[in-house]
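What follows is the residue order along each chain.
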Amino acid sequence: MRPKAVIIGPPGSGKTTIGAALAERLGVPLRDTDADVEAAAGKPIGEIFIDDGEDRFRELERAAVAAALAEHEGVVALGGGAVLAAETQDLLGGHAVVYLKVGLSEAIKRVGLASARPLLVLNPRSQMRKLLAERLPIYERLAAVSVDTDGRDPADIVEEITKALGAA
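Everything numeric here is computed off the predicted structure, so don't read it as measured data.

A look at the pattern of salt bridges
Between side chains of opposite charge, pairing is possible as soon as their charged atoms come close. Scanning all chains against the criterion turns up 12 salt bridges. For R56, the salt bridge is made with E59, and the minimal N-O distance between the two is 2.5 Å. Note that R56 and E59 are positioned in helix α4 (residues 54-71) at a spacing of 3 residues, about one turn of the helix. Note that D148 and K101 form a salt bridge whose closest N and O atoms lie 3.9 Å from each other. Here D148, found in strand β5 (residues 145-148), pairs with K101, found in strand β4 (residues 97-101); they are 47 residues apart in sequence, far enough to count as distant. Overlapping salt bridges, with partners in common, bring together R25, E159 and K163 in one network.

Here we look at the pairing of β5
Here β5 shows a buried face lined by V145 and V147 and an unburied face lined by S146 and D148. Two elements, β4 and β5, share 4 bridges in a ladder whose sense is parallel. Considered in β5, the bridge of Y99 is made with S146.

Some details on the packing of helix α1 (residues 15-26) against helix α8 (residues 154-164)
Remark: α1 packs on α8, axes separated minimally by 9 Å, with the N-to-C direction vectors making an angle of 60°. Our classification of the angle between α1 and α8 gives oblique. Seen along the crossing, α1 lies across α8 with a hand that is right-handed. Together, T17, I18, A21, L22, R25 and L26 of α1 and P154, I157, V158, E159, I161 and T162 of α8 make up the contact between the two elements. Of the residues in the contact of α1 with α8, the class split is 8 nonpolar, 2 polar and 2 charged.

Concerning the UniProt feature "binding site: Mg(2+)" (unreviewed entry) in the chain
In the numbering used here, UniProt assigns the "binding site: Mg(2+)" (unreviewed entry) feature to T16. Positionally, T16 belongs in helix α1. The residues touching T16, leaving out its near neighbours within four places in the chain, are L30 and D32.

Section: α8
Among the residues of α8, I157, V158, I161 and T162 are the ones counted as buried. All buried residues of α8 project into a common sector of 130° when viewed along the axis, lining one side. Of the surrounding secondary structure, the elements contacted by the buried residues of α8 are α1, β4 and β5. Put simply, D153 is the residue that caps the front of α8, since its side-chain oxygen is 3.0 Å from the backbone nitrogen of A155.

Quick notes on the rules
- Residues numbered from 1 in each chain as written.
- Predicted model: local features only at pLDDT ≥ 70, side-chain atom pairs only at ≥ 80, totals over all residues.
- Heavy atoms only, no water.
- Salt bridge = Lys/Arg side-chain N within 4 Å of Asp/Glu carboxyl O.
- Helix = DSSP H or I, 4+ residues; strand = E, 2+ residues; numbered from the N terminus.
- Buried < 20%, exposed > 50% of the residue type's maximum accessible area, 1.4 Å probe, protein only.
- Pairing = 2+ DSSP bridges.
- Axes fitted to C-alpha atoms, helices over the stretch in contact; angles between N-to-C directions.
- Parallel < 35°, antiparallel > 145°, perpendicular 65-115°, else oblique.
- Left-handed = near helix turned anticlockwise from the far one by under 90°.
- Contact = heavy atoms within 4.5 Å.
- Nonpolar A, V, L, I, M, F, W, Y, C, P; charged D, E, K, R; others polar.
- UniProt positions renumbered as here; feature names shortened; annotations may be inferred.
- Arc of directions from axis to C-beta.
- Polar contact = N/O pair within 3.5 Å; in protein donor to acceptor, adjacent residues only side chain to side chain.

Okay, structure coming up:
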């Protein structure tokens, strides 16, 4: 069993939105590992960070990604920081990994400055810049397909992805 595509990218890149649209286009289900983490913990990600800490969240995230990659045949959307784990990077080898690129201004616009995202709470613009700088080389290295999302309609993005994956 292998997912048809694995969607990666920073916060605000549209992983869930594009993942859902791509899954619909391909006629397969979407699995969002952030939702899997929340289900396993029985609480939202923000509360996991507050109550249990980032290390516990990352542990749950690694398990959710490993399970999704092993069990799911549709489209998998990963949380933005999931790619930081070396074991996750190893597991992504050989998968159809789609990196959704987003610029800093667009990402901030999409997630909002009053974001409920735990890693963006204190200074969202500065934190987003730092996250992008830290994760960009990993996203680029893992991606089989890279797609710019800034200022684009989700349908156009999905069309580009399906063509790149040879699924059009």
